[in-house]
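Fold and contact review
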Amino acid sequence: MKIIPFSDLKDIVKEGDVIALAALSTANLPAEILKTLVEQYDEDQSLNNLTFMLANDISDYRGDSYDLDSFVSRGMVKRLITSIITGSPATIQAMQNNEIEAYFLPQGVITTHYRGSTEAFPGPITKIGLNTNVDPRYSGGKVNTCTTEDLVSLININDNTYLKYQFPEIDVALLRGTYADEAGNIYMKHETHLGEGFSLAAATHKNNGKVIVQVKEVIQSGRFNPNEVFIPGKLVDYIVVNRDPKYHRQVIQTYYDPALSGHYQITEMREPYIELNTRKVILRRAAQFLLQGDVISIGFGINNELSNVLTEEGVNNLVQPNIDTGVFGGLISSGKNFGMNYNLSARMRHDMTWDFIYNGGVDIAFLSFAQVDSMGNVNVSKFGNKMNGCGGFIDISQTVKTIVFSGSLVVGGQLSYEQRKVNVEQEGHIPKFINEIDNIDFNVENAFLLEQEIYFVTERAVFELTQQGLMLIEIAPGLDLERDILANMEFKPLIATHLKEINSDIYQDKWGGLSDAIKSDYRI
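Definitions and limits used
- Residues numbered from 1 in each chain as written.
- Predicted model: local features only at pLDDT ≥ 70, side-chain atom pairs only at ≥ 80, totals over all residues.
- Heavy atoms only, no water.
- Helix = DSSP H or I, 4+ residues; strand = E, 2+ residues; numbered from the N terminus.
- Rg over C-alpha atoms; globule rule 2.2 N^0.38 Å.
- Buried < 20%, exposed > 50% of the residue type's maximum accessible area, 1.4 Å probe, protein only.
- Contact = heavy atoms within 4.5 Å.
- Lys, Arg positive; Asp, Glu negative; His and termini not counted.
- Charge placed at Lys NZ, Arg CZ, Asp CG, Glu CD.
- Pairing = 2+ DSSP bridges.
- Axes fitted to C-alpha atoms, helices over the stretch in contact; angles between N-to-C directions.
- Core = buried A, V, L, I, M, F, W, Y, C linked by side-chain atoms within 4.5 Å.
- Phe/Tyr/Trp six-rings, centres within 6.5 Å; stacked < 30°, edge-to-face > 60°.
- Lys NZ or Arg CZ within 6 Å of the ring centre and 35° of its normal.
- Disulfide = S-S within 2.5 Å.
- Salt bridge = Lys/Arg side-chain N within 4 Å of Asp/Glu carboxyl O.

Counting its secondary structure elements, the protein contains 12 helices and 35 strands. Taking 524 residues into account, the globule formula puts the C-alpha radius of gyration at 24 Å, and the protein, at 23 Å, falls close to it. Looking at the 524 residues of the protein, the share that counts as buried comes to 60%. In the protein, 74% of the contacts between residues at least 6 apart in sequence involve partners at least 24 apart. Looking at the protein, you have 44 positive and 66 negative side-chain charges, and the mean spots of the two groups are 3 Å apart.

Here it is as structure tokens:
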């Protein structure tokens, strides 16, 4: 291990390298390393044809740091392998314009493959992704037409079909820790989540690549308990010491808050409760499917705010929310406070969290939807001008036994909630329940094989997946079935013989009924 100045990076990272990171947005992002590489390009245009591989999107969202867009906008990137892109507009534009090759592959598969691709193992062979857009019988995860190489193939083992993923070997791992000791051991004392840095470092080391870690400080060996070592020094080639905290933010919103890294617990939630609106009533109805003791997987999108509803209703002690980055329990913040998670009961490595999910650790998942067809197939990753990617959606939806998909019935509707009823002030303009979806991220064929329970919750209606297709089982109070529901769907769903009305209590400012619902004997 060598401690080097940032200026020496120009002799380590080369044109055409495969670069991998283990960050989420700003968290764990070695931004000063990225800054140095971009400045090197600006000086001599020497770093071209790079491949970036990352399980999550990296973006500072603030416009005052360095991220994926900084490289793509300069034409430095040839290929991108990721699961999700939400905060990198220049990258999305480049993918749409066929300026870079790009793949959207399942987040859990990307994350766990680092430790599963060794000389002793042939790489990921899994059923995760079968019958979805990742399957080579669809697009194989390819985002655009300039992307031609197959990274996913079909194989047959004992008359069972699997997907085999072929990821490139890593030339350079760009990682971040809080401290390094004199032996090169890395500690994550101030980081808000652990990430997959250890496995990525090991995979890079195996390939004789270079592991570069940005830290705040180099400390004396023995200062911390050896049990706190996250990456052993044997796997670290170079350490660079951050000079400007602006490029070592704990999360987007702050340089460092000790409560976010579990050094103490807060006594009050640090964000306001959601006002009564469409998102809130959807989440209230969705939350009624919970049972006491459930471990919950909370997906990206509307469900980011589920923890807010659980906290307001005082039921945090009855269930345990989980985000696949390794966050368990506590207060999971949302909106502008996304990533600021407090009072956690556990914090695990990103790849270990996927082990937990793949092995049945989650009881129920709350996921979003962008498009749904009459059979119940779901698109969440590519629609219209959106190229979000699948994130962990595919991994989770092909693993968890009970799934609640949440979202509005139609895009652009203006609704009011008065006297415990729903009133459509202005109708929406883009239906989300359509005849043919643009992309398949959830395939009902898998759901039936796995004997999953699947529900779709909107502000106006609740649907259940059946063998015959989607069935409308509940309608919101105050709405007309034909005018307010069916007229906003391109297909007519099955209608339950005994169509129920959604509990009107959720359509008011104060509710207080979630505890009783969770303590019931069945999902309602």
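This next bit is on the sheet that holds strand S1 (residues 2-3). If you walk across this open sheet you meet the eight strands as S1-S15-S12-S9-S2-S3-S4-S5, and the pairing is parallel. Both outer strands of the open sheet, S1 and strand S5 (101-104), are each paired with one neighbouring strand and no more. The sheet contact formed by strand S2 (residues 18-21) and strand S3 (residues 50-54) spans four bridges and is parallel. Paired with valine 18 across the bridge in S3 is threonine 51. Each of S2, strand S9 (172-176) and strand S12 (210-215) is contacted by helix H5 (residues 197-206), which is oriented at about 155° to S9, the strand it contacts most.

Okay, the nonpolar core next. By size, the foremost hydrophobic cluster in this structure holds 111 residues, and its most contacted members are Leu105 and Phe405. Of all the elements, helix H6 (residues 278-287) adds the most residues to this core, at five residues. Formed by 42 residues, the second largest nonpolar core is a distinct cluster that contains Leu9, Leu21, Val38 and Leu50.

Take the packing of aromatic side chains next. If you walk through the whole model with that rule in mind, you get 15 aromatic pairs. Between phenylalanine 433 and phenylalanine 463, the ring centres sit 5.1 Å apart and the planes meet at 35°, which makes this aromatic pair tilted. A residue pair is termed long-range when its members are at least 10 positions apart, and phenylalanine 433 in the loop between strand S31 (430-431) and helix H10 (444-450) and phenylalanine 463 in strand S33 (residues 461-466) qualify at 30 residues. Per residue, the accessibility class of phenylalanine 433 equals that of phenylalanine 463, and both read buried. In this structure an aromatic cluster arises from ring pairing among Phe369, Phe393, Phe405, Phe433, Phe442, Phe456 and Phe463. Residue placement shows lysine 127 over the ring face of tyrosine 162; its charged tip is 5.4 Å from the ring centre.

Moving on to the state of the cysteines. Inspection of the entire model under this criterion finds zero disulfides. Here cysteine 146 stays unpaired: no disulfide links it, and the sulfur of cysteine 390, its closest cysteine neighbor, is 18 Å away.

The next thing to look at is the sheet that holds strand S11 (residues 186-187). Spatial strand order, S13-S10-S11-S14: four strands in an open sheet with mixed pairing. Edge positions in the sheet fall to strand S13 (217-219) and strand S14 (229-231), since each of these pairs with one other strand and no more. Note: S11 against S14, two bridges, orientation antiparallel. The residue bridging tyrosine 187 from the neighbouring strand is valine 229, located in S14.

A separate point is the pattern of salt bridges. Evaluation of the coordinates by the stated rule reveals 24 salt bridges. A salt bridge links arginine 243 to glutamate 32; the shortest N-O distance between them is 2.8 Å. On the criterion of sequence distance, the pair formed by arginine 243 in the loop between strand S15 (238-241) and H6 and glutamate 32 in helix H1 (residues 31-44) is long-range, its members being 211 residues apart. You can call glutamate 32 buried: its relative accessible area is 3%. One salt bridge in this structure joins lysine 206 and glutamate 169, with 3.3 Å as the shortest N-O distance. Here lysine 206, found in helix H5, pairs with glutamate 169, found in the loop between strand S8 (160-165) and S9; they are 37 residues apart in sequence, far enough to count as distant. The partly exposed category is assigned to lysine 206, whose relative accessible area is 28%. One salt-bridge network, in which partners are shared between bridges, spans Arg115, Arg349, Asp351 and Asp355.

Most peptide bonds are trans, and most residues other than glycine sit at a negative phi. Phi is positive for asparagine 98, close to 60°, though the residue is something other than glycine. Even without being a glycine, glutamate 451 presents a positive backbone phi close to 55°.

Keep in mind these values describe shape, not function.
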